[in-house]
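Architecture at a glance
Listed here are the chains, written in short residue letters.
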Amino acid sequence: MESTNLPEQWKKFHSHVELFKGPLHEKDEEIKVTYLLLWVGDKGREISNTWADMTADDRKKLGPHYKQFKDYVQPKLNPIFARFKFNNCVQGAQPVEQFITQLRVLAEDCKYGVGVKDEMIRDRNVFGASSQKVREQLITEGEKLTLDKAIQIAQSYEYSQEQLKTLSTQQDTAAVHQVNHHAILNFSFLLSFYSFIFGIARTYKNM
């Protein structure tokens, strides 16, 4: 619970705890609550001790604990700063799938209205794309561009670049093999030529 961005850290922690695999998978929920309170540390247990309105039955369940912890950190969320981070996110070297996932995560804290989130992610994908060619193609689509289509266009471009890279590598390899083959032929020719010259020289010497 000691973090400068409690909502983001809680989301990551919650995702980790929800796994509850391995030896804890078959444990009773009350036992899992005990592990949860162990994992949140001293600060987390201090916070849970302030929940006077939580019933004895709720204290044995994970759901009420998740809700209480989320309510504790959520007021600290600043949607203005979240939108700043979202609007400055760029693709960089990561593939478009990872970029879109990153945008979806950031958009969760921006409190965009229903139906607006996908449009914001679409627009950020356009302006944050690492390829100028992709940006030009996305902008050309205009109002017909949807988030799914924007992802498809970016993916198609990435796949084509990978294919071109593979073809270029194969062509370079073939060119090297061809050069080596010519070098071997030239060496064999020179070797045969010099052998012929030396043979003639020896013949004249023995005459």
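Residues numbered from 1 in each chain as written. Predicted model: local features only at pLDDT ≥ 70, side-chain atom pairs only at ≥ 80, totals over all residues. Heavy atoms only, no water.

Section: the nonpolar core
Within the largest apolar cluster, 22 residues are counted, with the highest numbers of intra-cluster contacts made by Phe 86, Ile 100, Leu 103, Ile 121, Leu 138 and Leu 145. Broken down by secondary-structure element, the contributors of at least two residues to this core are α5 (79-87), α6 (96-108), α7 (117-128), α8 (132-141) and α9 (147-206). When residues of this core are assigned to their parent elements, the largest contribution, 6 residues, is made by α6. Contact partners of Leu 103, with chain neighbours within four places excluded, come to Phe 86, Cys 89, Ile 121, Arg 124 and Asn 125. Leu 36, Ile 47, Trp 51 and Val 73 belong to the second largest nonpolar core, which has 13 residues in total. (Core = buried A, V, L, I, M, F, W, Y, C linked by side-chain atoms within 4.5 Å. Buried < 20%, exposed > 50% of the residue type's maximum accessible area, 1.4 Å probe, protein only. Helix = DSSP H or I, 4+ residues; strand = E, 2+ residues; numbered from the N terminus. Contact = heavy atoms within 4.5 Å.)

A look at the confidence of the model for the protein chain
Averaged over every residue, the pLDDT of the protein chain is 82; the share at 70 or more is 74%. For the protein chain, the element scoring lowest by mean pLDDT is α9, at 71; α7 scores highest, at 95. (pLDDT = per-residue confidence, 0-100.)

A short note on helix α3 (residues 41-48)
Side chains of residues three or four places apart in an α-helix project in the same direction, reflecting 3.6 residues per turn. If you check which residues of α3 are buried, you get Gly 41, Gly 44, Ile 47 and Ser 48. Down the axis of α3, the sector holding all buried residues measures 100°, keeping them to one side. Looking at the packing, one finds that the buried side of α3 touches α2 (29-39) and α4 (62-73). (Arc of directions from axis to C-beta.)

Observations regarding the layout of surface pockets
Gaps left between atoms are located by rolling a probe of water-molecule size over the structure's atoms. Of the pockets and cavities examined, the largest pocket occupies roughly 230 Å³. What lines the largest pocket is Pro 7, Trp 10, Lys 11, His 14, Ser 15, Tyr 66, Lys 67, Lys 70, Gln 74, Glu 108 and Asp 109. Of all the elements in the fold, those that place two or more residues in the lining of the largest pocket are α1 (6-19) and α4. For the lining of the largest pocket, the leading source of residues is α1, giving 5 residues. Looking at the lining of the largest pocket, its residues break down into 3 nonpolar, 3 polar and 5 charged. (1 Å grid on protein atoms, 1.4 Å probe; cavity = no way out; pocket = protein on both sides within 12 Å on 5 of 7 lines; lining within 4 Å. Points joined across faces, edges and corners; volume = space filled by probe spheres on them. Nonpolar A, V, L, I, M, F, W, Y, C, P; charged D, E, K, R; others polar.)

Remarks on unusual backbone geometry
One non-glycine residue, Lys 111, adopts positive backbone phi at about 55°. With respect to the secondary-structure elements, Lys 111 resides in the loop between α6 and α7. Assessed through its relative accessible area of 56%, Lys 111 is described here as exposed.

Observations concerning α8
Turning to α8, its buried residues number three or more, namely Val 134, Leu 138 and Glu 141. With its buried residues spanning 50° around the axis, α8 presents them on a single face. In α8, the exposed positions angled more than 90 degrees off the buried face are occupied by Lys 133, Ile 139 and Thr 140. The opening residue of α8, the one whose side-chain oxygen lies 3.3 Å from the backbone nitrogen of Lys 133, is Ser 131. (Polar contact = N/O pair within 3.5 Å; in protein donor to acceptor, adjacent residues only side chain to side chain.)

Description of the packing of aromatic side chains
Evaluation of the coordinates by the stated rule reveals 4 aromatic pairs. Relative to Phe 69, the ring of Trp 51 lies with its centre 4.8 Å away and its plane at 75°, an arrangement referred to as edge-to-face. Taken as a pair, Trp 51 in the loop between α3 and α4 and Phe 69 in helix α4 lie far apart in primary sequence, 18 residues in all. You can call Phe 69 buried: its relative accessible area is 0%. When the centroid spacing of 5.8 Å and the interplanar angle of 70° are considered together, the rings of Phe 86 and Tyr 112 count as edge-to-face. Linking Phe 86 in helix α5 with Tyr 112 in the loop between α6 and α7, this pair joins segments that are 26 residues apart in sequence. Here Phe 86 and Tyr 112 have matching classes, each one buried. (Phe/Tyr/Trp six-rings, centres within 6.5 Å; stacked < 30°, edge-to-face > 60°.)

Considering the side chain of Arg 122
Within the secondary structure, Arg 122 is located in helix α7. Assessed through its relative accessible area of 18%, Arg 122 is described here as buried. Filtering out sequence-adjacent residues up to four positions away, Arg 122 remains in contact with Leu 145, Thr 146, Leu 147 and Ala 150.

Observations concerning the pattern of salt bridges
The tally for this structure, following the rule as stated, stands at 7 salt bridges. A salt bridge links Asp 42 to Arg 45, with the shortest nitrogen-to-oxygen separation between them at 2.5 Å. Taken together, the positions of Asp 42 and Arg 45, both in helix α3 and 3 residues apart, correspond to about one turn of that helix. Between Lys 117 and Glu 108 there is a salt bridge, and its shortest N-O distance comes to 2.9 Å. Using a relative accessible area of 27% as the deciding quantity, one classes Lys 117 as partly exposed. (Salt bridge = Lys/Arg side-chain N within 4 Å of Asp/Glu carboxyl O.)

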